[in-house]
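One letter stands for each residue in the lines below.
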Amino acid sequence: DRSKLTHRQLEVLEIAYEKGYFDRPRQSNATEIAAELDINPSTFREHLTAAESKILDDLLKKGGRVQVSSFRSLNCFRTLTGLSLQNTKVFGSLL
């Protein structure tokens, strides 16, 4: 649900997507996208992580239980973003 994202989080997510940040191999890195947004790379990553967390929370929390279809979507999302379960706090409770 896009309405859960702040304007800035959505902007960062959209630009990252447009610039190929989620492609494999990446077409742009965090430093390049941050420069385009005129922010520090750490700020870019903070906005992106917050947006990803909100999207994944919305995707995975349906009645407090993880749905099988969510795992399929999660695998797609992980493939697109390169996220690993061990490095993402959102997934910590699923391990």
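What comes next concerns the included structure. Position numbers for residues start from 1 in each chain and track the written sequence from start to end. Local features are withheld for residues below a pLDDT of 70 in this predicted model, meaning they are given only at 70 or higher, and side-chain atom pairs are given and counted only at 80 or more; totals for whole chains, interfaces and linings count all residues. Water and hydrogen atoms were dropped before computing side-chain values, which therefore reflect all heavy atoms in the structure.

Next up on the list: the environment of K54. Each helix is a run of H or I in the DSSP string that is no shorter than four residues. Each strand is a run of E no shorter than two, and both are numbered from the N terminus. Tracing the backbone through its elements, the reader meets K54 in helix α3 (residues 41-60). Exposure remark for K54: the relative accessible area of 29% places this residue in the partly exposed category. Residues K54 and K4, spaced 50 residues apart in sequence, show a C-alpha to C-alpha distance of 6.9 Å. The contact definition used throughout considers only heavy atoms, calling two residues in contact when any of these lie within 4.5 Å. In contact with K54, not counting residues within four places along its chain, are K4, L5, T6 and Q9. Counting of polar contacts relies on pairs of N or O atoms within 3.5 Å, with two restrictions inside protein: one atom must be capable of donating a hydrogen and the other of accepting it, and residues adjacent in sequence are counted only when both atoms are side-chain atoms. A distance of 3.2 Å separates a polar atom in the side chain of K54 from the backbone oxygen of K4. The cut-offs for exposure are 20% and 50% of the maximum accessible area for each residue type, with area from a 1.4 Å probe on protein chains only; residues under the lower value are buried, those over the upper are exposed, and the others partly exposed.

Our focus in this paragraph is unusual backbone geometry. Look at the link from R24 to P25: it is a cis peptide, with omega at -5°. Residue position: P25 is located in the loop between α1 (7-18) and α2 (30-37). One non-glycine residue, D38, lies in positive phi territory at about 60°. What makes D38 exposed here is its relative accessible area of 69%.

Packed helix pairs are characterised by how far apart their axes lie and by the angle those axes make with each other. Fitting a line to C-alpha atoms yields each axis, with helices limited to the stretch in contact; the angle taken between N-to-C directions then spans 0 to 180 degrees. For the pair α1 and α2, the least separation of the axes is 11 Å and the interaxial angle reads 125°. It follows that α1 is oblique to α2 by the angle criterion. Crossing of α1 over α2 shows right-handed handedness. Between α1, through R8, E11, V12, I15 and A16, and α2, the contact on the second element is made entirely by I33, E36 and L37. In what follows, roughly perpendicular refers to angles from 65 to 115 degrees, roughly parallel to angles under 35, roughly antiparallel to angles over 145, and oblique to any angle outside these ranges. Should the near helix be turned anticlockwise from the far one by less than a right angle, the crossing is left-handed, and should it be turned clockwise, the crossing is right-handed.

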